[in-house]
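# Inside the fold
Chain by chain, the residues:
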Protein chains: 2
Amino acid sequence: MRERDRQAAFLLLDDKGMEGCLLFVVADSIYSGSRGAEILTDTMERMRRHLIAMHECPGIGRALLSLIVQSGRLEEANEIREREWEDMGLKPHQVQSLLDGFRPERIEMRRRQREKGEMSVVTAFDAEYPPLLLETKDHPWVLYYRGRYELASRPSVAVVGTRVATAYGRHASEMLSAECAGCGLTVVSGMASGIDTSAHWGALEQPGGTIAVLATPVNKPYPYENKELYRKIGESGLLLSETPPDAVLKPYMFLERNRIIAGLALGTVVVEAAKGSGAFRTADRALAYGRDVFVVPGQITSPRSHEIMKWLRDGAKPVIDAEDIWGEYVSQLTELTSLPMSDLLSKSGTTPSPNLSADEASIYELLLDRPRSIDELSASSGMTFGLLHSVLLSLLIKRRIHQEPGFVYSVL
Amino acid sequence: MRERDRQAAFLLLDDKGMEGCLLFVVADSIYSGSRGAEILTDTMERMRRHLIAMHECPGIGRALLSLIVQSGRLEEANEIREREWEDMGLKPHQVQSLLDGFRPERIEMRRRQREKGEMSVVTAFDAEYPPLLLETKDHPWVLYYRGRYELASRPSVAVVGTRVATAYGRHASEMLSAECAGCGLTVVSGMASGIDTSAHWGALEQPGGTIAVLATPVNKPYPYENKELYRKIGESGLLLSETPPDAVLKPYMFLERNRIIAGLALGTVVVEAAKGSGAFRTADRALAYGRDVFVVPGQITSPRSHEIMKWLRDGAKPVIDAEDIWGEYVSQLTELTSLPMSDLLSKSGTTPSPNLSADEASIYELLLDRPRSIDELSASSGMTFGLLHSVLLSLLIKRRIHQEPGFVYSVL
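It should be emphasised that the depicted structure is a prediction, and the values quoted were computed from it without experimental measurement. (Residues numbered from 1 in each chain as written. Chains lettered and ligands numbered in written order. Predicted model: local features only at pLDDT ≥ 70, side-chain atom pairs only at ≥ 80, totals over all residues. Heavy atoms only, no water.)

The next point concerns the environment of A:Pro217. Residue and element names in this part refer to chain A. Position of Pro217 relative to the elements: it lies in the loop between strand 5 (210–214) and helix 11 (227–236). Between the C-alpha atom of Pro217 and that of Ala247, which follows or precedes it by 30 residues, the distance is 7.3 Å. Discounting chain neighbours no more than four positions away, the residues touching Pro217 are Ser241, Thr243, Pro244, Pro245, Asp246 and Ala247. (Helix = DSSP H or I, 4+ residues; strand = E, 2+ residues; numbered from the N terminus. Contact = heavy atoms within 4.5 Å.)

Right, let's talk about the state of the cysteines for a bit. What makes a disulfide is a covalent bond joining the sulfur atoms belonging to two cysteines. Residue and element names in this part refer to chain A. Taken as a whole, this structure holds zero disulfides over all chains when the rule is applied. Sulfur of Cys180: no disulfide; nearest cysteine sulfur belongs to Cys183 and is 6.8 Å away. Residue classification places Cys180 among the buried residues on the basis of a relative accessible area of 0%. (Disulfide = S-S within 2.5 Å. Buried < 20%, exposed > 50% of the residue type's maximum accessible area, 1.4 Å probe, protein only.)

Inspection of the secondary structure puts A:Ser305 in helix 14 (residues 303–309). The residues touching A:Ser305, leaving out its near neighbours within four places in the chain, are A:Glu272, A:Gly298 and A:Gln299.

As a further point, take the relation of the copies chain A and chain B. Each copy of the sequence occupies a distinct position, and chain A is placed on chain B by a rotation of 180 degrees and an axial shift of 0.0 Å, giving an RMSD of 0.1 Å. Within this description, the copies of the chain are treated as partners about a two-fold rotation axis. Nearest to the rotation axis, the C-alpha of A:Gly298 is located 2.3 Å from it, this being the minimum over chain A. Most of the interface of chain A is mirrored in chain B, where 97% of its interface residues are also at the interface. (Least-squares fit on C-alpha atoms with pLDDT ≥ 70 in both.)

Here helix 13 (residues 278–288) of chain A has its buried residues at A:Ala279, A:Phe280, A:Thr282, A:Ala283, A:Arg285 and A:Ala286. Close packing links the buried residues of helix 13 of chain A with strand 3 (156–160), helix 12 (251–264), strand 7 (267–270), strand 8 (292–295) and helix 14 of chain A.

What follows deals with the sheet that holds strand 7 (residues 267–270) of chain B. All names here are of chain B. Taken in spatial order, the nine strands make up an open sheet running 1-2-6-5-4-3-7-8-9, and their pairing is mixed. Strands at the two margins of the open sheet, each flanked by one partner only, are strand 1 (120–123) and strand 9 (317–318). Here three bridges tie strand 3 (residues 156–160) to strand 4 (residues 186–189), and the two strands are oriented parallel to one another. From the neighbouring strand, Val157 faces strand 4, where its bridge partner is Val187. (Pairing = 2+ DSSP bridges.)

Let us now look at the pairing of strand 12 (residues 408–411) of chain A. Residue and element names in this part refer to chain A. Here strand 10 (residues 372–373) runs beside strand 12; their pairing, made up of two bridges, is antiparallel. Paired with Ser373 across the bridge in strand 12 is Val408. Pairing of strand 11 (residues 401–404) with strand 12 involves four bridges; the strand directions are antiparallel. In the strand pairing of strand 12, His402 is matched with Ser410.

Counting from both sides, the interface comprises 39 residues of chain A and, opposite them, 38 residues of chain B. Contact between chain A and chain B buries roughly 3400 Å² in total, counting both sides, with carbon and sulfur atoms accounting for 61%. Sorting the residues of chain A by area buried against chain B places A:Ile300, A:Thr301 and A:Ile320 first, and these three jointly supply 21% of that buried surface. For the interface between chain A and chain B, the tally reads eight salt bridges. With a closest N to O distance of 3.3 Å, B:Asp369 and A:Arg170 form a salt bridge. There are 15 residue pairs in polar contact (both at pLDDT 80 or more) connecting chain A and chain B. (Buried area = accessible area lost by both parts, 1.4 Å probe. Salt bridge = Lys/Arg side-chain N within 4 Å of Asp/Glu carboxyl O. Polar contact = N/O pair within 3.5 Å; in protein donor to acceptor, adjacent residues only side chain to side chain.)

Let us now look at the side chain of A:Thr301. By secondary structure assignment, the location of A:Thr301 is in the loop between strand 8 and helix 14. The residues contacting A:Thr301, other than those within four sequence positions of it, are B:Tyr168, B:His171, B:Met175, B:Tyr364 and B:Leu412.

All names here are of chain B. Taking 1.5 Å of rise per residue, the 16 residues of helix 9 (residues 167–182) would be expected to cover 22 Å, and the 22 Å separating its terminal C-alpha atoms lies within 8% of that figure. With 13 of its 16 residues buried, helix 9 lies for the most part within the structure. Gly184 sits one or two residues past helix 9 and shows a positive phi near 105 degrees. (Expected span 1.5 Å × (residues − 1).)

Following this line, the structure appears as structure tokens:
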């Protein structure tokens, strides 16, 4: 690659956030002959390889990678000497890590590791890097994935919240995610217990599908209790992570992961979250990226709902029905999905359908006031245990009520 | 009163909404001599007496009274003949009712009835008519009251909702009303079961106090289960009604009552309400009067909260803390109450204080997920029944939890 062209390319690199896409535009316009395109392709391939190698070096973080990319020396990074790295401000252990990481046998070992883990890799220099994520100024340089990668470029919303969710929070998360994904929106979340898990389960079998952004490598289920969900998302959804295979897990990775969730999505829906939780960080990043933040209301006396609802005062959008979310993105959805508009609109309305029999409705009314035991329900309704049992079963199947230990029932 | 002056006065009457106040201003400005003021006082007294007499006639509604007031014949209404009434479009039974109502012995009987019922009367021509209510175009011409009438001119908010409220709704209503009244706002409601009742109980002992606007006459408790609340409001609050003593109760009176609640208040707070309920009408009137409408969020799966939260999309204000309500009216409060600003601000923050012991916090956490029985709590917490009992009692006293039949506990 000639010096002038390389400078032109790196000038574009400096224009933060649009690297990969723009470079490919350049390939078509500056290099009209096939020879020029070939040179650029070679250059890109080298830069891409170096980016992955460096990203996988222990002790080399995103900030350091950005520094090297911006210095314009990525293409020749494997030829940089120890002293030069030190002059660039790297610490001795980082320099050793890099020199080790560029050894061909090491690169080959890493490649085999990814192959064995059945994971693919994409860099910010690739055309297929998720476009919305590329727009964020702190996007990952390298991403690993397993599953239906095409989901990463679809219009999506993040649905996130606390691990210690209430039954209501989990139900709302699953219901809203199912409806959004039913309308063609991909649902992004973090596969943590609680709200995240419910969001994935809700969206999994719907047309929009779901993306789990992990803090851990994509070849291992985490948390382990979610191994069934992990397996299903690997099959019909997408598992995505910035963390290289076999990386040592650090707490900051869970925080950093949240920026990817916010960055992939058009908007972030927070279902239930306590102050200082990861979901707060995701919402914070979404705001920083200029994306929408949605809040699912709950009881003002619930610590899980109280804090997040304060955002409503600052313009966050309340989610009363799933349509409050997907309705914002109808234009993107109709452009990008094959679902006709009438199908989308028929999916609206979050509340369960009111098709209850008179008996069901009367029991539901009693439970609406407060949870009650089966004995109480029998006394209040005057129904026989046999009838009451079948009515409760029907309400359970219709997902209108919830059974608690000791045959206590409450509304969902 | 000379014809020219009477015309001037009625010109002002036509300028709907400011009758009483403006007439008193006129008394000071047009009639500079004491003789003029005396004439006006006599006129006003006659008009006032006729208004009350006509208002108390069966079959004579607010619209008909407005017609007569606007015709300019109120002062001589007792001299209008049968044929003239008929020419004005009144039906025979209405004419009979009016002719009967103007009989001196009838007027005296009515006066004794009010005296016996320990109720006072105020008309839209009186300076002490509630000023905010007077601004509404369909305000009552006559109001009856019992209790601290000065509350009717204080800055107030209406707190209303469904009779079939949930435990959460009743708790939120009482808590928010207590805080608003604690900051000096008077809380107006309709003394119905459910949300209204909780609002009154919350505000009753607070500096702002409470006004119950009844559909029934003020000398009778309604609903009867609220007789203790009725008695207390009569003592330290204000009972207010448009309905004359011994009037036959009609369903429309309950609907009409809601406009008075909305009209008295700077804003209306809806806690929980099903579609088509009276609280919907109160909110609707508040909007028509250009007043604020506040919505207390709840679970989106609750039919009691779902419908009212839709108003958030149209600009209704969400109430996360009581300060979302009283914060809007701080200027009126500091002008009108003797509470210093620092006192007001120290009242902010709706959530119960987080002063829980470690044991209390761990039980609270367990209940936050879902209601549990005392057996379950004992098993999950590992506490002895003795300790668990004292912890639950403490949480009950601190109003953080709620005991349900069968020793099942849930968070408030």
